[in-house]
Protein chains: 4
Amino acid sequence: MPTFEPQDPNFEVRVRESFARQKVMETIGASLTTVSPGEVEVELPFRDDLTQQHGFLHAAVVTAIVDSACGYAAMTLMPPDATVLTIEYKVNFVSPATGDRMIASGHVTKPGRTITVCWGDVVAQSDGQEKLIATMLGTMMTLRDEQARGR
Amino acid sequence: MPTFEPQDPNFEVRVRESFARQKVMETIGASLTTVSPGEVEVELPFRDDLTQQHGFLHAAVVTAIVDSACGYAAMTLMPPDATVLTIEYKVNFVSPATGDRMIASGHVTKPGRTITVCWGDVVAQSDGQEKLIATMLGTMMTLRDEQARGR
Amino acid sequence: MPTFEPQDPNFEVRVRESFARQKVMETIGASLTTVSPGEVEVELPFRDDLTQQHGFLHAAVVTAIVDSACGYAAMTLMPPDATVLTIEYKVNFVSPATGDRMIASGHVTKPGRTITVCWGDVVAQSDGQEKLIATMLGTMMTLRDEQARGR
Amino acid sequence: MPTFEPQDPNFEVRVRESFARQKVMETIGASLTTVSPGEVEVELPFRDDLTQQHGFLHAAVVTAIVDSACGYAAMTLMPPDATVLTIEYKVNFVSPATGDRMIASGHVTKPGRTITVCWGDVVAQSDGQEKLIATMLGTMMTLRDEQARGR
């Protein structure tokens, strides 16, 4: 695992404030747990109103938390006035998303001035056991805050 | 555009019943509009509680509707006792997801006995204008219903 | 299909010169056929020394031509002093790559100042018939020439 | 890292024989180094005739070795009469592919009866130093040998 040196010592506050502005995270009940340089975790308790036709969490709900984990992992390494934009992601779903809660972890593979590549995993926790649900590889972009708003 | 011959003349009923069981679609306010062989449309009015930190719809919400459109496009061509599973998808986000409503369309690129490849687009409609928001390429799998439940 | 206005009237010469510098294209026997704004075609005759274990063209050979087609499709819309870099791509393989020749076409989905999203297809031609082999969705980046060399 | 139990004790011989039939690997000069359960390495010395327009190895050449590494990593865990097919992959390119040689490693994320998900990395080695060049996430399929030939 590489270790990363954040450019902004205040990265954690910045990430937590941005996450708090993502209304969809409150809507689905997701919360930000760990924030460290290049690594972020997001947790989501299982909820019946987020399921697909077989009673598992919908793929997009799983994607929501791993995208947020990856995007904010990228943001921990960005300059103070920057924000993060998801250019694209690819997610593989490897087991049905069922269990007590989902833990998404996002990790920076390679930070860059403009482009940051990240990977993430989602595991389901149930009765103290963990099972891999999904894995993601995505591309994030550094945006100055005003660009993000006006894009 | 290829044209496809459905194996199950009852495909539309089957797709609509399955979509109706996706509780997350009701939670976010998405509805199934068109269902034809190899092509499905899903519509989502903009809602403030589904946004990310800059007030646009979260990438995963955009993904939710285009994944459903693609998955059900695949299902229109499957046998009567089969259901669909998303193996993986890749989505590119090309403009901020803002506007009155999002229209996701899913299309079958290549149907297969086990694997069906699909592509989809999401456009935002506002004041009679359309703008491309996202584009997806994904892989769907045919499952017999009992497999899907027990996987 | 969207139509695009090139920024550089000399785009075709620039693309053809760049393609000619891709030594791997000569090594595998690929040639650039059509170059128009936002659309490029690359052709590859079947060759036995490019096959995988079942006698079909290797996935990466199919990828080589559709990546070049997409990258150069993006480059047709870039400024005169810019070159193109592939950030990432995703390719689905839908039929065995066999036939007389492969035709890869690359298309711009959405051009941008920094990021251009492209999609592409590869078809096999044999005895006047065409069959879809692969489909791609990728992300290209605009680089000033000196950046590309020094990155 | 998960550890995996191969179904076929003869997996290494089977993988090496299949790799030897991939003529494109000989054409580009790639060789199979390590083969263990769920993990495979492929090595490629730098060669000028495999480059793109800036003198780096072409993205598809990098893809060729990491796809082979991932596909054969999947095959190590398959039954004796099975072979592997790449359904799709996504590759991010994070640094120019230059150096003395490229080392691609493929790893199984999740094996399955039909679908196996793999990830892989490519590093460039030069003067005893390593640098990450590319990272991949892909989907492999188990095929009985006769299916693969006749598909």
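**What about the sheet that holds strand S5 (residues 115-126) of chain A?**
- Judged by pairing direction, the sheet is antiparallel, and its 12 strands sit side by side in the order S1(A)-S2(A)-S4(A)-S5(A)-S6(A)-S3(A)-S3(B)-S6(B)-S5(B)-S4(B)-S2(B)-S1(B) without closing on themselves. In this open sheet, the two edge strands, each paired with only one partner strand, are strand S1 (31-36) of chain A together with strand S1 (31-36) of chain B. Direction aside, the axes of adjacent strands within the sheet are offset by 25° on average.
- Where strand S4 (residues 101-110) of chain B meets strand S5 (residues 115-126) of chain B, nine bridges bridge the pair, whose relative direction is antiparallel. By the bridge assignment for S5 of chain B, Ile103 of chain B is matched with Val123 of chain B.

**Side note on the interface of chain B and chain A**
- Facing 32 residues of chain B, the contacting portion of chain A comprises 32 residues.
- Of the residues forming the side of chain B that touches chain A, the biggest block, eight residues, is contributed by strand S3 (residues 82-93) of chain B.
- In the side of chain B that touches chain A, the residues fall into 12 nonpolar, 11 polar and nine charged.

**Regarding the relation of the copies chain D and chain B**
- With an RMSD of 0.0 Å, chain D superimposes on chain B once it is rotated by 180° and translated 0.0 Å along the axis. In the structure described here, the two chain copies are related by an operation that fits a two-fold rotation axis. If distances are taken from each C-alpha of chain D to the rotation axis, the shortest is found for Lys90 of chain D, at 4.2 Å.
- An overlap of 100% is found between the interface residues of chain D and their copies at the interface of chain B, pointing to a shared contact surface.

**Re the confidence of the model for chain A**
- Across chain A, the average pLDDT comes to 94, with 95% of residues at 70 or higher.
- Among the scores for the predicted complex, ipTM is 0.94 and pTM is 0.96.

**Concerning the interface of chain D and chain B**
- Opposite the six residues of chain D that make contact, chain B presents six residues.
- It is strand S3 (residues 82-93) of chain D that contributes the most residues to the side of chain D that touches chain B, three residues altogether.

**Things to note about helix H3 (residues 59-75) of chain C**
- If you check H3 of chain C, its first and last C-alpha atoms are 24 Å apart, about what 17 residues at 1.5 Å a residue would give, namely 24 Å.
- Across the 17 residues of H3 of chain C, 17 count as buried, placing the element largely inside the fold.

**Some points on the relation of the copies chain B and chain A**
- With an RMSD of 0.0 Å, the operation that places chain B on chain A is a rotation of 180° combined with a shift of 0.0 Å along the axis.
- Both copies contact each other with a shared surface, as 100% of the interface residues of chain B are interface residues in chain A too.

**So, the pairing of strand S4 (residues 101-110) of chain D**
All names here are of chain D.
- For S4, the buried fraction is high: seven of the 10 residues fall into the buried class.
- Note: strand S2 (residues 39-45) against S4, seven bridges, orientation antiparallel. Each bridged residue has a counterpart across the sheet, and for Val40 the counterpart in S4 is Gly106.
- Connecting S4 to the antiparallel partner strand S5 (residues 115-126) that follows it, the hairpin turn spans four residues.

**Looking at the pairing of strand S1 (residues 31-36) of chain C**
Residue and element names in this part refer to chain C.
- With four bridges connecting them, S1 and strand S2 (residues 39-45) associate as antiparallel partners. Bridge assignment links Leu32 to a residue of S2, and that residue is Val42.
- Hairpin connection, S1 to S2: the antiparallel pair is bridged by two residues, and Gly38 has positive phi, about 80°.

**Notes on the environment of Glu39 of chain A**
- Along the chain, Glu39 of chain A falls in strand S2 (residues 39-45).
- Measuring from C-alpha to C-alpha, the distance between Glu39 of chain A and Gly71 of chain A comes to 9.7 Å, with 32 residues separating the pair along the chain.

**Looking at the sheet that holds S2 of chain D**
- Strands sit in the order S1(C)-S2(C)-S4(C)-S5(C)-S6(C)-S3(C)-S3(D)-S6(D)-S5(D)-S4(D)-S2(D)-S1(D) across an open sheet of 12 strands; the sheet is antiparallel. With partners counted over all chains shown, the strands left at the sheet margins are S1 of chain C together with strand S1 (31-36) of chain D, one partner each. Sheet twist, expressed as the mean angle between neighbouring strand axes with direction ignored, is 25°.
- Where helix H1 (residues 11-20) of chain D meets the sheet, it contacts S1, S2 and S3 of chain D, and its direction lies at approximately 160° from that of S1 of chain D.

The rules behind each value
- Residues numbered from 1 in each chain as written.
- Chains lettered and ligands numbered in written order.
- Predicted model: local features only at pLDDT ≥ 70, side-chain atom pairs only at ≥ 80, totals over all residues.
- Pairing = 2+ DSSP bridges.
- Helix = DSSP H or I, 4+ residues; strand = E, 2+ residues; numbered from the N terminus.
- Axes fitted to C-alpha atoms, helices over the stretch in contact; angles between N-to-C directions.
- Contact = placed C-beta atoms within 7 Å.
- Nonpolar A, V, L, I, M, F, W, Y, C, P; charged D, E, K, R; others polar.
- Least-squares fit on C-alpha atoms with pLDDT ≥ 70 in both.
- pLDDT = per-residue confidence, 0-100.
- Expected span 1.5 Å × (residues − 1).
- Buried ≥ 20, exposed ≤ 12 C-beta atoms within 10 Å, placed from the backbone.

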